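As a plain string of letters, each chain reads:
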Amino acid sequence: MRHTISNNIVHLVPSEKEAHLIQKSHDAYQVYSVIQRFTQGRTKNQKRPAGDNCPILYAMKGRDELTILQEDVNLLYEYAKNLIQNHFQSHFPYDALILLPSSCNIAVKIGEIINLLYGTLIIKDSFLKKTVSEVKDDLYTMLRKNEISRATFSSLLSNLKDENNDDLVTIKVISMKNRSYVKPFKFSNDSNFKSSLEELSSVLIIDDIMSSGASINCAIHLLKGQYMNIAQVDVLTLFSSLD
């Protein structure tokens, strides 16, 4: 699946080649992705292009003044459905889908597709995004415990200096080198999902994009630390990490 941009509108261009879910190994988990992203080469002085390395996602979120037609969005989800169905065939090996919080409904849409195909349980509200203030508190705790250096701590606070303490943290404002130190999620207080998680042995986390992996690693760490019954946690994203 390729794309073009004309008058700030992103258009999808279906490929004639047979496509498959992209599968990559990340430490102890697998990541499946629908759309492969590629690094856009540019010189140091070149301006970042609209949509950066993922114009389709920027358009779906209405960022960088990019837009996308609903018919192309429908085409994208149909493409995702076909790849998921072709990959897993009649056997879907996960007990439940865990949707990560996002500013758009991509994870919800992908979850609904899988639910329609396989009847898999969807868990929407297991995680909440932390506020900027909560992330700063985490960083002060890590500094006291000597888990981060003073230089890294200062760099992280600098990343967050223009953010309102009461706002939900956005991982995008954190420089790439610092993202592994930020834990953007916490468990929800909703008791309904907790009883569901206690009965599961394998889950698939759904997110819109695989970037630095900080958000996904945080979610996996929380799940495996709290629920010893969950032996397998893998990930499915609409957009892959960069190649």
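Scope of this entry: the structure provided in the associated data block. Everything numeric here is computed off the predicted structure, so don't read it as measured data. (Residues numbered from 1 in each chain as written. Predicted model: local features only at pLDDT ≥ 70, side-chain atom pairs only at ≥ 80, totals over all residues. Heavy atoms only, no water.)

**Some words on the overall build of the chain**
Inference 1: Scanning the chain from terminus to terminus reveals seven helices and 11 strands.
Inference 2: Relative to the 2.2 N^0.38 estimate, which gives 18 Å for 243 residues, the radius of gyration of the chain is 19 Å and therefore close to what a compact globule would have.
Inference 3: Evaluated residue by residue, the chain yields a buried proportion of 44% over its 243 residues.
Inference 4: Put simply, 72% of the contacts in the chain that link residues at least 6 apart link residues at least 24 apart.
Inference 5: Of the roughly 13100 Å² of accessible surface on the chain, 46% is carried by carbon and sulfur atoms.
Inference 6: Averaging the positions of the 27 positive and the 27 negative side-chain charges in the chain gives two centres separated by 8 Å. (Helix = DSSP H or I, 4+ residues; strand = E, 2+ residues; numbered from the N terminus. Rg over C-alpha atoms; globule rule 2.2 N^0.38 Å. Buried < 20%, exposed > 50% of the residue type's maximum accessible area, 1.4 Å probe, protein only. Contact = heavy atoms within 4.5 Å. Areas by Shrake-Rupley, 256 points an atom, 1.4 Å probe, with all protein chains shown as cover. Lys, Arg positive; Asp, Glu negative; His and termini not counted. Charge placed at Lys NZ, Arg CZ, Asp CG, Glu CD.)

**Some details on the sheet that holds strand β4 (residues 29–37)**
Inference 1: With respect to topology, six strands assemble into an open sheet ordered β3-β4-β11-β10-β6-β7, the strand pairing being mixed. Two strands lie at the open edges of the sheet, namely β3 (22–26) and β7 (121–123), each paired on one side alone. Each strand of the sheet is rotated relative to its neighbour by a mean of 25°, with strand direction disregarded.
Inference 2: In this sheet, strand β11 (residues 232–242) lies alongside strand β10 (residues 202–209) in parallel orientation, the contact comprising seven bridges. Considered in β11, the bridge of Ile 205 is made with Val 235. (Pairing = 2+ DSSP bridges. Axes fitted to C-alpha atoms, helices over the stretch in contact; angles between N-to-C directions.)

**A short note on the sheet that holds strand β1 (residues 2–6)**
Inference 1: With respect to topology, three strands assemble into an open sheet ordered β1-β2-β5, the strand pairing being mixed. Each having just a single partner strand, β1 and β5 (67–68) make up the two edges of the open sheet.
Inference 2: On top of the sheet, helix α2 (residues 70–88) reaches β2 (9–13) and β5; it is set at about 40° to β2, its chief contact.

**Details of the pairing of β2**
For a regular strand, side-chain orientation follows a simple rule: the groups alternate between the two sheet faces.
Inference 1: Residues Val 10 and Leu 12 line the buried face of β2, whereas the alternating positions Ile 9, His 11 and Val 13 sit on a face that is not buried.
Inference 2: As judged from the five bridges shared by β1 and β2, these two strands associate in the antiparallel manner. Each bridged residue has a counterpart across the sheet, and for His 3 the counterpart in β2 is Leu 12.
Inference 3: Once β1 ends, the chain turns through two residues before running back antiparallel as β2, passing Asn 7 with a positive phi of about 55°.
Inference 4: Judged from the two bridges that link them, β2 and β5 form a sheet pairing that is parallel. Considered in β5, the bridge of Val 10 is made with Ile 68.

**Describing helix α7 (residues 214–226)**
Inference 1: Helix length check: α7, at 13 residues, gives a terminal C-alpha distance of 18 Å against a target of 18 Å (1.5 Å per residue), a fit within 8%.
Inference 2: When α7 is considered as a whole, its buried residues turn out to be Ala 214, Ser 215, Ile 216, Cys 218, Ala 219, Ile 220 and Leu 223. (Expected span 1.5 Å × (residues − 1).)

**A short note on the pattern of salt bridges**
Inference 1: As enumerated under the stated definition, the model contains four salt bridges in all.
Inference 2: Close ionic contact of Lys 130 with Asp 138 constitutes a salt bridge, the shortest N to O distance being 2.5 Å.
Inference 3: When its relative accessible area of 12% is taken as the criterion, Lys 130 is described as buried. (Salt bridge = Lys/Arg side-chain N within 4 Å of Asp/Glu carboxyl O.)

**Quick notes on the nonpolar core**
Within soluble globular proteins, side chains that are nonpolar generally end up buried alongside one another.
Inference 1: If you look at the biggest cluster of nonpolar residues, it comprises 38 residues, and the most contacted ones within it are Ile 110, Ile 114, Leu 204, Ile 206, Leu 236 and Phe 239.
Inference 2: Of the residues forming this core, the biggest block, eight residues, is contributed by α2.
Inference 3: In this view, Ile 114 contacts Ile 84, Phe 92, Leu 97, Gly 119, Thr 120, Leu 204, Ile 206 and Leu 236; residues no more than four positions away in its chain are not counted.
Inference 4: Of all hydrophobic cores here, the second largest spans 24 residues; its members include Ala 96, Leu 100, Leu 200 and Tyr 227. (Core = buried A, V, L, I, M, F, W, Y, C linked by side-chain atoms within 4.5 Å.)

**Comments concerning the packing of aromatic side chains**
Inference 1: Taken as a whole and assessed by the stated rule, the structure comprises nine aromatic pairs.
Inference 2: Their ring planes at 15° and their centres at 5.3 Å tell us that Phe 127 and Phe 187 sit as a pair that is stacked. Here Phe 127 is found in strand β8 (residues 127–129), whereas its partner Phe 187 is found in strand β9 (residues 185–187), with 60 residues between them in sequence. Note on accessibility: Phe 127 and Phe 187 belong to one class, buried. (Phe/Tyr/Trp six-rings, centres within 6.5 Å; stacked < 30°, edge-to-face > 60°.)

**Observations concerning unusual backbone geometry**
Inference 1: The phi dihedral of Gln 89 is positive, around 55°, even though this residue is not glycine.
Inference 2: Its place among the elements puts Gln 89 in the loop between α2 and β6 (96–99).
Inference 3: Its relative accessible area of 51% is what places Gln 89 among the exposed residues.

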